[in-house]
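One-letter residues, chain by chain:
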Amino acid sequence: MYLNFKLSFAFALLFLVHIGESQPAVFDVTKFGAKPDSNEDISKALLSAFKEACNSKIPSKVVIPKGTYLMNQVRLEGNCKAPIELEIQATLKAPPNPSQLKKDMEWLTINHIDHFTLSGGGIFDGQGEQGWAQNDCKNSESCGKLPNNLSFNFLTNSIIRDITSLDSKLFHINVLGCKNLTFIGVNIKAPAQSLNTDGIHVARSRGLNITNSQIGTGDDCISIGDGIQQMYITNVTCGPGHGISVGSLGKTPGELPVVGVFVQNCTFIDTDNGVRVKTWPASHNGVVRDLHYEDIIVQNVSNPVVIDQLYCPYNQCKKDLPSQVKISKVSFKNIRGTSRTQDAIKINCSKGVPCEGVTLRNRT
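Residues numbered from 1 in each chain as written. Predicted model: local features only at pLDDT ≥ 70, side-chain atom pairs only at ≥ 80, totals over all residues. Heavy atoms only, no water.

The test is simple: UniProt positions are given in the numbering used here, feature names are shortened, and annotations may be inferred rather than shown by experiment.
The name an unreviewed UniProt entry assigns to the protein chain is Polygalacturonase-like, from the organism Nicotiana tabacum. The heading Sequence similarities (unreviewed entry) in the UniProt record of the protein chain holds the text "Belongs to the glycosyl hydrolase 28 family." UniProt annotates the protein chain under Subcellular location (unreviewed entry) with the comment "Secreted, Cell wall".

**Here's the deal with the packing of aromatic side chains**
So the rule is basically this: Any two rings among Phe, Tyr and Trp, with Trp reduced to its six-membered ring, count as a pair given centres within 6.5 Å; such a pair is stacked if its planes are under 30 degrees apart, edge-to-face if over 60, and tilted if neither. Only DSSP runs of H or I covering at least 4 residues are called helices, and only runs of E covering at least 2 are called strands; the numbering of each starts at the N terminus. When accessible area is computed with a 1.4 Å probe and restricted to protein chains, residues below 20% of their type maximum are described as buried, those above 50% as exposed, and intermediate ones as partly exposed.
Within this structure, the stated rule accounts for 5 aromatic pairs. Here Y232 and F262 contribute two aromatic rings whose centre-to-centre distance is 4.9 Å and whose plane-to-plane angle is 5 degrees, an arrangement assigned as stacked. Of the two residues, Y232 sits in strand β19 (residues 229-238) while F262 sits in strand β21 (residues 258-269), which places them 30 residues apart along the sequence. The buried category is assigned to Y232, whose relative accessible area is 3%. A relative accessible area of 6% places F262 in the buried class.

**Structural notes on the pattern of salt bridges**
To keep things clear, this is the line we draw: When a carboxyl oxygen of Asp or Glu lies within 4 Å of a side-chain nitrogen of Lys or Arg, that pair is called a salt bridge.
Counting across every chain of the model gives 10 salt bridges. Within the structure, one salt-bridge network assembled from shared partners comprises D220, R276 and K278.

**Re the sheet that holds strand β10 (residues 150-153)**
To keep things clear, this is the line we draw: The pairing criterion for strands is at least two bridges between them, as found by DSSP. Orientation is described by lines fitted to C-alpha atoms, with helices fitted over the stretch in contact, and by angles between N-to-C directions that extend from 0 to 180 degrees.
The parallel open sheet is built from 10 strands, whose spatial order is β4-β7-β10-β13-β16-β18-β20-β22-β24-β26. Edge positions in the sheet fall to β4 (74-77) and β26 (345-348), since each has one partner strand and no second. Between one strand axis and the next, the sheet turns through 15 degrees on average, direction left out of account. Where strand β7 (residues 108-111) meets β10, 4 bridges bridge the pair, whose relative direction is parallel. In the strand pairing of β10, I110 is matched with F152.

**Looking at unusual backbone geometry**
In most cases, non-glycine residues show a negative phi, while peptide bonds are predominantly trans. Cis geometry marks the peptide bond from G239 to P240; its omega dihedral reads 0 degrees. Along the chain, P240 falls in the loop between β19 and β20 (244-249). In this chain, G247 is followed by S248 through a cis amide linkage whose omega measures 20 degrees. For S248, the position within the fold is in strand β20. Notably, N235 is not glycine yet its phi reads approximately 55 degrees, a positive angle.

**Some details on the state of the cysteines**
The criterion, for reference: Disulfides are defined as pairs of cysteine sulfur atoms found within 2.5 Å of each other.
All told, the structure shown has 4 disulfides when counted by the stated rule. Two residues share a disulfide in this structure: C54 and C80, whose sulfurs sit 2.1 Å from each other. Negative torsions about the S-S bond denote left-handed disulfides, and the value of about -105 degrees found for C54 with C80 makes this one left-handed. Remark: C80 occurs in the loop between β4 and β5 (84-88) and C54 occurs in helix α2 (residues 43-54); sequence separation between them is 26 residues. Residue pairing for C349: its cysteine sulfur links by disulfide to C355, the two sulfurs lying 2.0 Å apart. When the S-S torsion is -105 degrees, as for the bridge of C349 with C355, the disulfide is left-handed. Judged by relative accessible area, which is 23%, C349 ranks as partly exposed.

**Describing the nonpolar core**
Rule in force here: Put simply, buried Ala, Val, Leu, Ile, Met, Phe, Trp, Tyr and Cys residues joined by side-chain atoms within 4.5 Å make one nonpolar core. Here, residues are in contact when the closest pair of their heavy atoms is within 4.5 Å.
Of all hydrophobic cores here, the largest spans 79 residues; its most connected members are L92, F116, F152, F183, I224, M231 and Y293. Residues in contact with F152, not counting those within four places in the same chain, are I110, F116, L118, I160, I173, N174, V175, L176, C178 and F183.

**A short note on α2**
The test is simple: Expected span, for any helix, means 1.5 Å times one less than how many residues it has. This arc is taken over the directions from the axis of the helix to the C-beta atoms.
Here α2 contains 12 residues, and its C-alpha end-to-end distance of 16 Å stays within 8% of the 16 Å for a straight helix at 1.5 Å per residue. Of the positions making up α2, those classed as buried are S43, A45, L46, A49, F50, A53 and C54. Here the buried residues of α2 occupy an arc of 160 degrees about the axis, which is enough to place them on one side. Seen from the buried face of α2, the exposed residues on the opposite side, beyond 90 degrees, are K44 and K51.

**Remarks on the side chain of T164**
Counting through the fold element by element, T164 comes out in strand β12 (residues 164-166). If near-sequence neighbours (up to four positions away) are discounted, T164 is found in contact with G122, I123, F124 and N187.

**Looking at a nonpolar patch on the surface**
Rules: Patch membership is restricted to residues that have no salt bridge and whose relative accessible area is over 30%. Joining uses 9 Å for like charges and 5 Å for the nonpolar side chains Val, Leu, Ile, Met, Phe, Trp and Tyr. Methods summary: accessible areas were calculated by the Shrake-Rupley approach with a probe of 1.4 Å, and residue burial reflects only the protein chains presented.
A cluster of nonpolar residues, I345, I347 and L360, forms a patch on the protein surface that exposes about 250 Å² of accessible area. Its location among the elements puts I347 in strand β26. Judged by its relative accessible area of 38%, I347 is partly exposed.

**Side note on the environment of I160**
As for its placement among the helices and strands, I160 is situated in strand β11 (residues 156-161). By relative accessible area, which is 0% here, I160 ends up buried. Sequence-wise, I160 and P281 are 121 residues apart; in three dimensions their C-alpha atoms are separated by 36 Å. Setting aside residues up to four positions removed in sequence, I160 forms contacts with F116, L118, F152, L181, T182, F183, I184 and V186.

Here's what the structure looks like:
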């Protein structure tokens, strides 16, 4: 079952070795006007350094050296002429007041690059506390309109490694339209009360790997939207948070199938859920197939195993109409630990398109 994961992860490691074989051209943002430990925004300096690096015909590296920098919203666009790395050694701080930010733009966006690397051990501090009250979707009309910390769109053969996302205003990391993208050693931190701050949200992507990472936040540690194919999640620790979730699905017409999600050797600590699949009642058509969860540890988790096809968080649904998302070929193997509720396993499948091939077992 995990042969494809091993091959995909091996590709990521080979890519790391490859980019380390040649000395890249280095573009230090301080040479473009950025000043550490000051009150000056480094957005323009970063954009200028990136544009020059992106035009380099040899591999390049943009470096933000150690220190603390203020940064407004930035969008870095490919296509670049050679592999490019953004090495963040610093702590970057977003404007704390949401009103200072454009609502149609993330804090840092990376678009349309092949062979991109984000690295350096740096911290993206979204300073999101002032925005969390707006994320109460039950009571706030502005819910979901704040910027995510990081957005990766249409990247191929790329790696995000050794970075920290702190206190995002909305999602920490959003992934869309990517192929062969690997996260290694990513650390995500936000308090449990930070509403709607998903750790890593992915959609419409293929060949994703998330490994050796720690995620603690106020919503799903990892949320999987529509159009995901061949995603591998290993050695991830989740907590606080709402667990690792496929969905919610079925609310929007035209959603693409989710096929091939593998979660292995992960630990959930004090989370609301462990591994979960959620679809809306009275939904549009959809497909979820080939989900496999193995060697999972749960510690004081409210709902360790969940399939919920009556997902309706604000009771604004037609629960008498079944979900039309078809779930099949789902396995839960060797999930162990402690539940803080009596019903550790909740399987609530659609009455309209019942689940098929759902299995639960210990290691044999």
